[in-house]
Amino acid sequence: MDGPSPPLNARRVLTKDLILNRLYMLLNGIAILALFYYRATTLLRIIQTRETPLLPYLIVIFSEVMFTFFWLLYQAYRWKPVKLEVYPERLPGDEKLPPVDVFICTADPSKEPSLGVMNTVVSALALDYPPDKLAVYLQDDGGSYVTLNAIREAWKFARFWVPFRRKYELKIACPAAYLSSKESAHEKFIGSNEFAAEKKIIEKKYAEFEEALEKNSVNASASVSRDHPPLIEVMTDENGDSDLKEMPLLVYIAREKRPGHPHHFKGGALNVLLRVSAVITNAPYFLVLDCDMYCHNPLSARLAMCFYLDPKIAPKIAWVQFPQKFHNLSEHDIYGGSLNAIYKSAIGFDGLQGPNLYGCNFVMTRESIYGTGKIEKDVDLNQLKKTFGSSNEFIKSLYKSYKPQLLEDRKPSAELQKELQLLASCTYDNGTDWGEEVGYRYFTVVEDAITSLSLHCKGWISVYIDPASPCFLGATTTNLNDMLVQQTRWAFGLMQIGLSRFNPLIYGPLRMSILESLCYAYNFLESLYVFPVYGLAIIPPICLLYGIPLYPKVSDPYFIVFAFIFLSSRLKHVQETIAFGDPLRNTVYELRVWMMKSVACYFYAILNAILDKIGLHEANFSLTSKVVDDEQETRFKQGIYDFQVSTMLLVPLCSLYILNLAAFIIGMARLFQKNDELLAQAVLSFFVVIVNYHLLEGMFLRKDKGRIAASVTLLSIAISAIILGCGSLLIFY
Ligand SMILES: O=c1ccn([C@@H]2O[C@H](COP(=O)(O)OP(=O)(O)O[C@H]3O[C@H](CO)[C@@H](O)[C@H](O)[C@H]3O)[C@@H](O)[C@H]2O)c(=O)[nH]1
Ligand SMILES: [Mn+2]
């Protein structure tokens, strides 16, 4: 007998980070206590002496309480940073790998160009996984013939690409990415004539493919339909002249859409994917991709198996999460598009119950999302139908013994077609547990957030891996408008949850670990930052203008406490940025993004979530555009902000900026009289002004098309004057 087989994965606690984090928590925690001691005693004095107006003082204290609340929540991420490693070379042979279904969602070929979507499809087909154990499903929410034709073309091209990638062990699965890459992707075959000849053929085929898609996309936007029957097509071999066994299965699905029937956005799409695939391939694991997120490193599914084939932890894991990485980043991450701020926290999440779902790039088990173990024979059929809907075939798929029926030629029988139509119909969910207890939860536009909360609360864990060669690469937002719109949608969706019974602080602690609940709470409630941020962006500058001090004098020992908290938080940020491997300038970019989000996105997110709660707002999923605008792209690459942004989002930012700018300039004069008392406030406004220098530039210094429109600047000046006027009244109380 051999000894025990070597482990497929390892979990390493990052001790140095752990010690540093806890030390920081301790010191900053003590400083915060001192701060509140100062505030409490000063407040009592002010109430008696009225030396400072009370209301502004209370607002500042309230803001500090809120910041402290978020600070406390965030420490849960810092509690136990760990790193997971995997060893795919130790996996057993292909015959022992379990099947995997890949789900890709797309919605509109005019906003999500076919070439990108089909590169995602083809890259998934080209994963390094046994072809008979891999199936790729594309769900088209647009029910568009443009997408259907495109996938047929993609299938034809993939017949060449997939064997080529396999034969030459290319390290990039996506054709577009490979063809524009350097030689390292095929290093083993450099110099081989046969390879060079075949590569030429592939290049030609790809050019033809590209051209076909371009011709096909002429009427893309008119091809999108919101009223159509379900359509499911399994790609087959029409001529019957080559070997299908070489190719994974490829299936096109357009679920039924009818006006007046809620379709629940991507969550609804994923549930149809789960049902339809259950009766075609029924793999126990599925990988979810967005249509703009292609497979890069072909090993992803294998890497996930390093957890699922580890008997020690596999039964507890609901999903293996990979980060979203992006191929269109610039060295200046001015819109925070790399999402690194999220991935920094994932390291700490992993030390707890694991990261939340990031929407795509994860391999999940059917068992966890269905909420069932494999069902034993004697379960009541009626109960199952109440839970899972009326399809007999689907119910059968829940049993261990189920073998899905697809003929050798991959053509579904008439019977199976009927079942597929039923499973993809728009009324199938009605009266069942789909969207509530089974599948993706429909409660909000951020289906991933509520679904992961729900699974973690059921005791499942998740794991996060970030291999050196990224498994998935997508397109991130490259202009301010897209970024703010996307962030507003996310924040709105998360706030919907925050305002419901699923609020992690209420729903979480009894169902999952406290620390995990705190992480979720930070994530879901972030929009509440809007209150302290507005508080500190408005009150201290106004008081500075009127010469009213809100912070301790420089000569007061408590000044050091405030200075310490401010500096240690900034330094911690710098340390984490460097430790993550990001350039230092990202600390400034991240701070800007955070401020812009807090002022603009969170403001509308909260407003809409409240309106939604009282039934006055209809949630919608505004697709993130995947069409590239060259001029905007150039600015992005150069690190120049593009302020062609909806006025509604821009005005709050500019108004608060102008207020702080004015307060700082005029307040400087006051500083000569009262520098001991007002220095902290002046520094605060100076910090806002200097960090957000891009707004100053956009309003007053730039002349190009991406500057802030004069109308926005004028409106913002007016609004900041109004805020100042109203704010001035406050200081009499
Ligand atoms: O009604 C819809 C809306 C969207 N999608 C698809 O969902 C994916 C994500 O949409 P996108 O417009 O790219 O939104 P993003 O904000 O970029 O997506 C992020 O946020 C979503 C949650 O809001 C997550 O589901 C995603 O994985 C995550 O990348 C895309 O493939 C869409 O085609 C649908 O299938 N149906
Ligand atoms: Mn996207």
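The model shown is predicted, which means the values in this text are computed figures rather than measured ones.

(A) Geometry of the overall build of the chain. The number of helices and strands found in the chain is 24 helices and 13 strands. Scaling as 2.2 N^0.38, a compact globule of 733 residues should have a C-alpha radius of gyration of about 27 Å, and the chain matches this with 28 Å. When its C-alpha atoms are laid out on the principal axes, the chain stretches across 90 × 60 × 55 Å. Taken across its 733 residues, the chain has 47% of its residues classed as buried. Contacts in the chain between residues at least 24 apart in sequence constitute 85% of all its contacts with a sequence separation of at least 6.

(B) Representation of the UniProt feature "active site" (unreviewed entry) in the chain within the structure. Here the UniProt-annotated "active site" (unreviewed entry) positions come out as Asp141 and Asp448. Here aspartate 141 is to be found in the loop between β4 (134–140) and α4 (145–167). Excluding residues that lie within four positions of it along the chain, aspartate 141 makes contacts with Cys105, Thr106, Ala107 and Ala269. Note on placement: aspartate 448 falls in helix α14 (residues 447–457). Leave out the neighbours within four places in its chain, and aspartate 448 touches Leu357, Tyr358 and Gly359.

(C) Spatial organisation of the packing of helix α2 (residues 54–79) against helix α9 (residues 340–349). Where α2 meets α9, the closest approach of the two axes is 6 Å, and the angle between their N-to-C directions is 65°. Relative to α9, the element α2 is oriented roughly perpendicular. Between α2, through Tyr77, Arg78 and Trp79, and α9, the contact on the second element is made entirely by Ser345, Gly348 and Phe349. Split by residue class, the contact of α2 with α9 holds three nonpolar, two polar and one charged.

(D) Structural detail: the site of ligand 1. As a structural note, the neighbourhood of ligand 1 is formed by 22 residues, with Cys105, Phe265, Asp290, Gly359 and Thr624 the closest of them. Looking at the shell around ligand 1, the elements that each hand over two or more residues are β3 (100–106), α7 (265–278) and α15 (480–498). Each of domain 1 (13–67 + 530–730) and domain 2 (89–493) gives at least three residues to the shell around ligand 1.

(E) The domain arrangement of the chain, seen in detail. Considered domain by domain, the chain is made up of domain 1 (13–67 + 530–730) and domain 2 (89–493). Of note, the centres of domain 1 and domain 2, computed from C-alpha atoms alone, are 40 Å apart. At the level of elements, α19 (558–580), α20 (585–613) and α21 (630–638) are the ones that each hand at least two residues to the side of domain 1 that touches domain 2. Broken down by element, the side of domain 1 that touches domain 2 gets its largest block of residues, 13 residues, from α20. Tallied by class, residues from the side of domain 1 that touches domain 2 come to 19 nonpolar, nine polar and eight charged.

(F) Quick look at unusual backbone geometry. With a phi angle near 45°, glutamate 169 is a residue other than glycine that sits in the positive phi range. Mapped onto the secondary structure, glutamate 169 falls in the loop between α4 and α5 (175–179). The backbone of asparagine 282 sits at a positive phi, close to 55°, despite the residue not being glycine. Structurally, asparagine 282 can be placed in the loop between α7 and β7 (285–290). Taking the number of C-beta atoms within 10 Å as the measure of exposure, asparagine 282 has 18 and is therefore partly exposed.

(G) Spatial organisation of helix α3 (residues 114–125). Along its twelve residues, α3 runs 16 Å from first to last C-alpha, staying within 8% of the 16 Å computed at 1.5 Å per residue. Within α3, eleven of the twelve residues are buried, leaving the element largely enclosed by the surrounding structure. Among all positions in α3, only Ser114, Gly116, Val117, Met118, Asn119, Thr120, Val121, Val122, Ser123, Ala124 and Leu125 are buried.

(H) Here's a closer look at the sheet that holds β4. Sheet architecture is open: eight strands sit in the order β5-β6-β4-β3-β7-β11-β9-β12, paired in mixed fashion. Only two strands of the sheet have a single neighbouring strand rather than two, namely β5 (231–234) and β12 (461–464). The sheet shows a mean angle of 20° between the axes of neighbouring strands, direction not considered. Pairing of strand β9 (residues 317–321) with β12 involves four bridges; the strand directions are parallel. Bridge assignment links isoleucine 317 to a residue of β12, and that residue is isoleucine 461. On top of the sheet, α7 reaches β3, β4, β5, β6 (249–254) and β7; it is set at about 140° to β4, its chief contact.

Conventions we followed
- Residues numbered from 1 in each chain as written.
- Chains lettered and ligands numbered in written order.
- Predicted model: local features only at pLDDT ≥ 70, side-chain atom pairs only at ≥ 80, totals over all residues.
- Helix = DSSP H or I, 4+ residues; strand = E, 2+ residues; numbered from the N terminus.
- Rg over C-alpha atoms; globule rule 2.2 N^0.38 Å.
- Buried ≥ 20, exposed ≤ 12 C-beta atoms within 10 Å, placed from the backbone.
- Contact = placed C-beta atoms within 7 Å.
- UniProt positions renumbered as here; feature names shortened; annotations may be inferred.
- Axes fitted to C-alpha atoms, helices over the stretch in contact; angles between N-to-C directions.
- Parallel < 35°, antiparallel > 145°, perpendicular 65-115°, else oblique.
- Nonpolar A, V, L, I, M, F, W, Y, C, P; charged D, E, K, R; others polar.
- Near = placed C-beta within 6 Å.
- Domains from an automatic or database assignment.
- Expected span 1.5 Å × (residues − 1).
- Pairing = 2+ DSSP bridges.

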